[in-house]
Amino acid sequence: MLIKQKGLWGKFGSVLTNWNLPMSYSVGMGCGISKCTACCMDTEQDGPASQAQVEENEENVVEAIDLPRFHEFTIDQLRRATSGFAVENIVSEHGEKAPNVVYKGRLDNQMRIAVKRFNRNAWPDAQPFLEEARAVGQLRNQRLVNLLGCCCEGDERLLVAEYMPNDTLAKHLFHWENQPMKWAMRMRVALFLAQALEYCTSKGRALYHDLNAYRVLYDSDCNPRLSCFGLMKNSRDGKSYSTNLAFTPPEYLRTGRVTPESVTYSFGTLLLDLLSGKHIPPSHALDLIRDKNLQMLSDSCLEGELSNDDGTELVRLASRCLQSEPRERPNPKSLVAALIPLQKDSEVPSHVLMGIPDGTAAFPLSPLAEACLRMDLTALHEVMEKIGYKDDEGAATELSFQMWTNQMQETLNSKKKGDAAFRHKDFTTAIDSYTMFIDVGTMVSPTVYARRSLSYLMSNMPDEALNDAMQAQIICPVWYIAFYLQAVALLAQAKESEAQVALKEGSSLETKKAT
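A brief structural summary. (Residues numbered from 1 in each chain as written. Predicted model: local features only at pLDDT ≥ 70, side-chain atom pairs only at ≥ 80, totals over all residues. Heavy atoms only, no water.)

1. Notes on unusual backbone geometry
Residue Asp 210 is not a glycine yet carries a positive backbone phi of 60°. With respect to the element layout, Asp 210 can be found in the loop between α5 (183-202) and β7 (216-218). (Helix = DSSP H or I, 4+ residues; strand = E, 2+ residues; numbered from the N terminus.)

See the structure below:
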């Protein structure tokens, strides 16, 4: 319970004078606490005993992760995965105005991915980009958003990472809607990030560029992860910090170089974010600490959750991270050791602490999705007949405009013939007629691809059906019918897990369309 005496926390007066207090806890990767005497503020290189702990840590948390090896994608694969880099799939903070845009997408195996597309001038030489991407791509850790691959084709430079569906720390901390982030979750974020940095350091990737709340993403279980994108610069010769200069390590302003100690400084600013619920400049925060004016520093939403002792320890740690002399800052191993004792409710899943439904729980399917799960093609045919070409309004307008030409009239006739055959369940004729329409290439219609896809399914041709369903999605990225057809085609190929992903996505889009 917060005790109000001389401000919000009465015990903070000793923060600046007791830097070297020992912490009586061992370094562990989970949230549980085991006691032994260890000084968590030691910034020297680790000795043999500490190295043994690192190896134990990695075994406990990070190595048991099932991901494909780093892969070099083609631009066509990523264009297909993102529906042609559709605006609807942009997930980066500043949308399409960002110099390097991030898209969500799905590979052919239904794996969801995030694709960072660099500005064309960012990495003019392919080799440095490939070397950096391959090095980062060797890392595999449950605390990271792992890098799955890259694309280096012509002047295109792209990174491909795991997709994190539950937004950023910035969204949940600064712009929350349903509930403020609980203290237990804030400390879990701090620990998991420290563990991510410790892992990266142990693998020779100690530098992280522009560490901030937007670099922390939440996975399907609502566990926070550190984005792998920050392990590479935004360009070969670009700046390592894009944020306000008030949050930039002082030595970087002098030298323009990022060091491991610079990363620790940025971690300190994140600790202040977690404590205050706001993005407070470090200099202002340190002034508040020196003046013992900590009521201004703490998030009022934490009243009743944050104890004096925990608050004191976090401020002490943040202050050490923000030391003007880089060598006085703690290393990642020390950060982990200091944060272990601050963990609360470690047995409570992250999604419960965040108040977000379990991402692994069974997703409620709509009646149409249930029909697809049963592979009830007749029900799907009835729905597609009923909705007609409602999702092709732009194409229909263009069609009517071009009806003046004989070629277009013939194209329209092939489409009309295909529609009639589809209505009467003559799927062989429907396939032939729709193929004539598509091959002319004058018009692009997601509904025609969808109808030919279902016709292929009715004709026991799932491979062709899947290709058409994915083509319909490329044309119309948020059309639930395209996802349902993909799901049925995947079920026909006995790819049940991939089909479940497509069903879930389609049902989610159908629900959004209905609301």
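2. Observations concerning the sheet that holds strand β3 (residues 112-117)
Taken in spatial order, the five strands of this open sheet run β1-β5-β6-β3-β2, and their pairing is mixed. Each of the sheet's edge strands pairs with one partner strand only, and the pair in question is β1 (71-72) and β2 (101-106). Across six bridges, the pairing between strand β5 (residues 147-153) and strand β6 (residues 156-162) is antiparallel. By the bridge assignment for β6, Cys 151 is matched with Leu 158. (Pairing = 2+ DSSP bridges.)

3. With respect to the nonpolar core
Core analysis: the largest hydrophobic core is formed by 84 residues, its most contacted members being Leu 159, Leu 169, Val 189, Phe 267, Leu 271, Leu 297 and Leu 339. The element contributing the most residues to this core is α5, with 14 residues. In contact with Leu 339, other than residues within four places in its own chain, are Ala 190, Leu 191, Ala 194, Phe 267, Leu 314 and Leu 317. Counting 44 residues, the second largest nonpolar core, distinct from the first, contains Ala 369, Cys 476, Leu 485 and Leu 509. (Core = buried A, V, L, I, M, F, W, Y, C linked by side-chain atoms within 4.5 Å. Buried < 20%, exposed > 50% of the residue type's maximum accessible area, 1.4 Å probe, protein only. Contact = heavy atoms within 4.5 Å.)

4. As for the packing of aromatic side chains
Within the structure shown, the criterion is met by five aromatic pairs. Arranged with centres 5.9 Å apart and planes meeting at 75°, the rings of Tyr 480 and Tyr 484 form a pair that is edge-to-face. Separated by four residues within a single helix, Tyr 480 and Tyr 484 lie in helix α19 (residues 480-492), roughly one turn from each other. Across the pair, exposure class does not vary: Tyr 480 and Tyr 484 are buried alike. Ring pairing ties together the aromatic residues Phe 118, Trp 123 and Phe 129, which thus form one cluster. Its guanidinium or amino end placed over the ring of Phe 85, Arg 117 lies 4.0 Å from that ring's centre, counting from NZ or CZ. The positively charged end of Lys 415 is found above the aromatic ring belonging to Tyr 389, 4.0 Å away from the centroid. (Phe/Tyr/Trp six-rings, centres within 6.5 Å; stacked < 30°, edge-to-face > 60°. Lys NZ or Arg CZ within 6 Å of the ring centre and 35° of its normal.)

Keep in mind these values describe shape, not function.
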